[in-house]
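Coordinates in review
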Amino acid sequence: MRSYLEKMKASRVLLLVLVCSLLLVSFSTSLLAQTDSDTDTPADSIPAIAAPAQVTDLKAFDTDNDHGHSITIEWTLSADDGAGAKSVISYEIMRWEPFVRDSVMAARDSLGWVQARINKFEKEIPLAEESLDEVLTGQPFLDSLSFLVAYDEKDTSFVLTSEYVDKTLRDTIAAMKRDLPVLKVRAPLLPARFDSLLILLPKEYGKYPDATIGRFDSVGTAVSGVTSHENSSAVDSRSPGFIPDFIDYYYRIDVQTSDPNIRTTSEIVGPVQSSGQWFNSGLVPVLIAILVFTILTMIFVQLAKKGMDLYVRPLAGIEAVDEAIGRATEMGRPILYVLGLGSAADIATIASFTILGRVAKKVAEYQTELNVPCYDPIVMAVAQEVVKSAFIDAGRPEAYKDDIVHFITNSQFAYVGAVNGIIMRDLPATNVYMGKFFAESLILAETGAVAGSIQIAGTDEIPQIPFFFVACDYTLIGEELFAASAYLGREPELLGSLKAQDYAKAVLLASAIIGILLINIFPEYGETFKSWFEVID
Amino acid sequence: MLSTIAMVLSAIVGLSLIYLLIRTIQGHPVERRIVFIYIGLAVVLPLLMNKTLPLPITKDVIKLYDQLEKLQPGSKVLCAFDYDPPSAPELQPMAVAFLKYAFKKDLKIIIMGLWPQGPQQAQQAIEEAMLDPIIAGKNLVQGEDWVNLGFQSGNEFVIQSMGTEFKRMFPKDNRHIAYGDIPLLQDVVNFSNVDFVINFSAGKPGTTEWVQFGVDRFGFDMVAGNTAVQAPMMYPYLRTGQLKGLLGGMTGAAEFEKILDEKGKASTFLLAQTFAHATVIIFIIIGNLAYFSSRKKKMAGTP
Amino acid sequence: METVSIWIAAILTLGIFSFLYKDNPLYKACEALFVGVSAAYWAIVFYFDNIYKKFYEGAVTAEEPDYFLWIGAILGLLFLTRLIPNIGWVSRWPMALIVGATAGLWMVGYFVSNAMNQIGNTISNIIVRDAATGFIAWGETFGTLVILVGVLSGLVYFFFSKEHKGVFGATAKVGTWFLMVTFGASFGYTVMSRMSLLIGRVDFLLGDWLHILR
């Protein structure tokens, strides 16, 4: 018995030795093979690239003045980028990722996918069931359809019968119907799973640098010569590459060369967290400018309300309005008022409403006919209100008819065509064009001139002003339109804001002059001064 | 044959203009319909001649071209088509030339429109670009090489919202495929993920809105092709660098075609444009002569 | 089919051109057709893009309905209260929202793009030197001067609180000249634009319709 045991032991030892020697042989062969290839390469192929110098001064910080979910990484170029060995082609931005992140992303992908399939099934199953009988009956060709299936030894033909098609289709539909309720129960659980995984993330990120639970992954590349990168995602947690806020991230930069195997990693920076800011400090100059302007407006509106006489220089075009209305009355011909193509929210259209109010009031007093064709339905609605109140103010509410202000169409040239038609048929004594105008300006003004009407125009669309200039009797240039509405309306709000605008312009004018003087005499101060005006957030 | 007849006729028309000039000086003003006929002839005859003009390329177009040349193959370009058929003669040649260039260079194109007919114009431009044998040979796939997101109403609010997320404004493309299922858009969240923006614009909403709500807020690089009416208003933005390049009207389109080496409609229209301009200039002179001579007569008439 | 549509387009084009001679029934017919078709087109576009695609698909049938769209829809419906005289005033609420939101959005946009960035760029060295040689680049310097004088005098012209008299008036006059030159340039560009449109139509008539071209 003992000898048997010893024999067993001896055989085991023998086996062990054999295995070890085999391993040794295989290892040494592989080692030899490797040395062989190593000695081969430099002889007749591209010379090996030396590992490039790593990037230095690596910094990672939360991107400023944003909605969060973004981290900016900055570095100093590798010594071999554009200089030294000039071997750098790009920088790969690497972030430490716990493996659980893959599950998070997988859950996110399946969220949309499953829901889409459910919707598809729900929509298609009843349709398929309904049309099944219809499709299969009266299809004689189904029975005669045969396929030739080639095997190695012999050819077999396969006949597609209607019974077969019918069974397969019904089976498929039945399977889909069976799975659908299950899917519908399981699908709503997915978002919860996704959310719970998302909650898990901060903890896993906190375990850095445990190599068993995470690794460095590429999150972007920057080409050579670039020294910063923004690693950002959308706010939606289901967007691709989502970066949750308030999580510890670690970054490093790999310097890449034309050989993918030769790269140099940098030191690792972190932890860094992303977060959103409530206040965008880059926009402080705009805030100051708007505050100054608002305060100016409030001051002047108050002054106007207290009855202070705020001077506005007279504008020829506006003085002409009354005269033109008088002329229309004398001639017994209508007045055409065009509000332009702007929306009710355009400042030019709003200014035009005030002027329309004034014109409508005079028209009501003089009992002249008024026609206001509109391009925008909302503008039409407001214009109707304006004209109605003007008629009431003039003490002639009975003269107001809803079709004084009417809608034409929302298509530019069709609108022009229609207004042209009105001008040529009605031959208005006066045409007033106030508001936003585009390509139609000349066509309208030309037709009006041919019809022999007195024409008064005003728009803030600078390209259109020349056309009004040549074809109209009076033209309000740009801001003169807004000034006109303040001048006519004499309302404290309008007058006050016009004054505030004037002072804002004075401030801008002074700033420009000071800036130009500074930059030409003391360039350093000038540049600083200039930078206050250049805002890009 | 047709071309020769057109040339002879042009010469006759040119001579008759001198006759009109003399008649005006003699105090016989030209009737407006005559002006229309001349403008009509000035457009029709050169088109029949089928000739192209030598064209110097302006600084602004070179600037725009340099920007395009900087783009690497595979770069994603957002193309906003903000115009409709009435402005197509000016803007469509630009769009076609750009798309041909972009497809040849393997740029990835994302199309959208703030005008309802814009994306349809884009579709036509794509179809025309696809006729080019080199591009046809590439077998480009919608959704992978280019995508048409269609129209979205809301004007400048659309641009503002796209700054956060494109998907919110364009949940589906024009084929009704969900944003998330389009391969080209997998990594495109907002403006940060596109390399360049080009806008073809005929009015409002258009380049102004893109500069104010896009470039100035989200800081991307943008160039624009504008109708000639609109172009002068864009020069301030060009000077400050808010726009990186500008094509103005048909001349801009012709220069663009030339610099990209994609001969198209704009180049063939240039002669007609030149003739029409010359005619307009002559009539401006005639008109002014008539105005001054009539004023002189009035002055002489008043005691 | 395409031939038919080309013929329709050609006849309509000629119909509109006939206005150049004088107003006539054919022009009126074309005009009415254009107005009608475009009104219908816009109605359809707005229905499909806004009510159907944006609202119905976004807030009703979507996988994750966007409930904010309901607020917009309700505000939109409030516009219709105009049709009921007694509660017509309610329609001012959505209007207030539109005007307020647009004004807010544009205020910052205008300040940044048209005031601050533009003034920032006006502040520049008057004397421009050639980067390579260091000599004064006269052309560029002249350009900078023109822009400078133009911006400053233009601003003065649009100053409404003071009558245009004396030095102020003279500066405003210079501003007017600058404006006129701008308008001239703009006019030229627009003539170019209109000619392009005409060329486009003539190209259609001679090419697609009559096949004389190409």
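Residues numbered from 1 in each chain as written. Chains lettered and ligands numbered in written order. Predicted model: local features only at pLDDT ≥ 70, side-chain atom pairs only at ≥ 80, totals over all residues. Heavy atoms only, no water.

This part takes up the overall build of chain C. For chain C, the helix and strand inventory stands at six helices and zero strands. The secondary structure elements of chain C, listed N-terminal to C-terminal, are α-α-α-α-α-α. Against the 2.2 N^0.38 benchmark of 17 Å for 214 residues, chain C shows a C-alpha radius of gyration of 27 Å, more extended than a compact globule. Expressed as lengths along the three principal axes of its C-alpha atoms, the size of chain C is roughly 65 × 55 × 45 Å. Among the 214 residues that make up chain C, the fraction classed as buried is 37%. Approximately 12,400 Å² of chain C is accessible, and the part contributed by carbon and sulfur atoms is 74%. Charged side chains of chain C number 13 positive and 13 negative; the gap between the two group centres comes to 15 Å. (Helix = DSSP H or I, 4+ residues; strand = E, 2+ residues; numbered from the N terminus. Rg over C-alpha atoms; globule rule 2.2 N^0.38 Å. Buried < 20%, exposed > 50% of the residue type's maximum accessible area, 1.4 Å probe, protein only. Areas by Shrake-Rupley, 256 points an atom, 1.4 Å probe, with all protein chains shown as cover. Lys, Arg positive; Asp, Glu negative; His and termini not counted. Charge placed at Lys NZ, Arg CZ, Asp CG, Glu CD.)

Quick look at the domain arrangement of chain B now. By the assigned domains, chain B splits into domain 1 (2-52 + 268-301) and domain 2 (59-262). Taking only C-alpha atoms into account, the centre of domain 1 of chain B sits 38 Å from that of domain 2 of chain B. (Domains from an automatic or database assignment.)

The subject of this paragraph is the interface of chain C and chain A. With 54 residues of chain C in contact, the opposing surface of chain A contributes 67 residues. A combined buried area of about 5,400 Å² lies between chain C and chain A, and 70% of that area is made up of carbon and sulfur atoms. When the buried surface of chain C facing chain A is broken down by residue, M116, I123 and F160 of chain C rank first, second and third, together holding 15% of it. Our count for the chain C to chain A interface comes out at two salt bridges. E385 of chain A serves as the salt-bridge partner of R92 of chain C, at 3.6 Å between the closest nitrogen and oxygen. Here chain C is connected to chain A by 13 residue pairs in polar contact (both at pLDDT 80 or more). Contributions of two or more residues to the side of chain C that touches chain A are made by α2 (25-60), α4 (92-122), α5 (138-157) and α6 (166-209) of chain C. The leading source of residues in the side of chain C that touches chain A is α4 of chain C, at 16 residues. By residue class, the composition of the side of chain C that touches chain A is 32 nonpolar, 12 polar and 10 charged. (Contact = heavy atoms within 4.5 Å. Buried area = accessible area lost by both parts, 1.4 Å probe. Salt bridge = Lys/Arg side-chain N within 4 Å of Asp/Glu carboxyl O. Polar contact = N/O pair within 3.5 Å; in protein donor to acceptor, adjacent residues only side chain to side chain. Nonpolar A, V, L, I, M, F, W, Y, C, P; charged D, E, K, R; others polar.)

Attention shifts here to the pattern of salt bridges. A complete count under the given rule lists 30 salt bridges over all chains for this structure. The partner of R252 of chain A in a salt bridge is D254 of chain A, and the shortest N-O contact between them spans 2.8 Å. For the residue pair R252 of chain A and D254 of chain A, the accessibility class agrees, reading buried in each case. Across the pair R33 of chain B and E31 of chain B runs a salt bridge whose closest N-O atoms are separated by 3.7 Å.

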